[in-house]
Amino acid sequence: MDFIDVGKRILGYLYNGKMSMKIVQDREKLSRSCKSVHLKEGLEIGERLLDYLEKHDGGIGLAANQVGIDARVCVVNVGRPLIFVNPKVVGKFGAIRFKEGCLSFPDEEVLTKRYRNIVVRDEVGGERIFDAKSLLETVCVQHEIDHLNGLTMYDRRLNPLEAVPTIQMPLR
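Now for a description of the structure that goes with this document. (Residues numbered from 1 in each chain as written. Predicted model: local features only at pLDDT ≥ 70, side-chain atom pairs only at ≥ 80, totals over all residues. Heavy atoms only, no water.)

## Digging into the nonpolar core
Here is step 1 of the chain: One finds C74, F84, F98, I118, V120, F130 and V141 to be the most contacted residues of the largest nonpolar core, which totals 20 residues.
Here is step 2 of the chain: Counting only elements with at least two residues in this core, the list comes to strand 2 (73-77), strand 3 (81-85), strand 4 (88-102), strand 5 (105-122) and helix 4 (135-148).
Here is step 3 of the chain: Among the elements that line this core, the one with the most residues is helix 4, at seven residues.
Here is step 4 of the chain: M21, L50, V73 and V75 belong to the second-largest nonpolar core, a separate cluster that totals 16 residues. (Core = buried A, V, L, I, M, F, W, Y, C linked by side-chain atoms within 4.5 Å. Buried < 20%, exposed > 50% of the residue type's maximum accessible area, 1.4 Å probe, protein only. Helix = DSSP H or I, 4+ residues; strand = E, 2+ residues; numbered from the N terminus.)

Set out below in structure tokens:
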């Protein structure tokens with residue numbers, strides 16, 4: 001059995017609920033970029049991530065690598081469930097300061113530099129625009145895509161001398 005077969009078997013267990021997902025809190029593991037996946041596989045992983053979020057209070061976003069799955073899939077649920085497969089931020093403007101938290105680092109908050117408006121391209125929705133009308137959702141999308149790129153909120157920590165507007169809403 002080769003490495004790919006082992007990976008498929010592990011993912012199969014995750015899909016069938018035979019293995020419980022646990023939040024990864026190891027910064028080193030979270031610092032690796034995730035691998036692209038096919039749309040069908042990504043949607044299946046996305047559904048499992050949304051199920052996990054629904055069952056665990058306090059979370060509004062989750063990336064696959066936060067539960068040990070090496071796949072470019074993340075979900076956000078701020079009023080509406082969104083699945084992203086192989087997402088990329090292709091446009092951003094309106095820098096802000098934002099105090100955010102993370103399921104992987106409970107009880108910690110970091111003041112970060114984020115953007116009020118972003119354009120995301122992925123295999124589910126093509127190009128989607130997120131803006132200040134739903135600022136929490138917009139910031140959460142950025143946060144989860146960062147996870148897929150091997151970045152955490154600590155990598156987005158704001159330089160205290162940098163001048164950007166401040167928005168304070170906890171991201172959990």
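## Side note on the pattern of salt bridges
Here is step 1 of the chain: Under the counting rule described, the total for this entry stands at seven salt bridges.
Here is step 2 of the chain: Of the charged contacts, one joins D70 and K35 as a salt bridge, the two residues approaching to 3.8 Å between their closest N and O atoms. Of the two residues, D70 is situated in the loop between strand 1 (61-63) and strand 2 and K35 in the loop between helix 2 (27-30) and helix 3 (39-55); the sequence distance between them amounts to 35 residues.
Here is step 3 of the chain: Between E127 and R121 there is a salt bridge, with its nearest N and O atoms 2.5 Å apart. (Salt bridge = Lys/Arg side-chain N within 4 Å of Asp/Glu carboxyl O.)

## Description of the environment of G59
Here is step 1 of the chain: Here G59 shows up in the loop between helix 3 and strand 1.
Here is step 2 of the chain: Sequence separation of G59 and V78 is 19 residues, and the distance between their C-alpha atoms is 9.4 Å.

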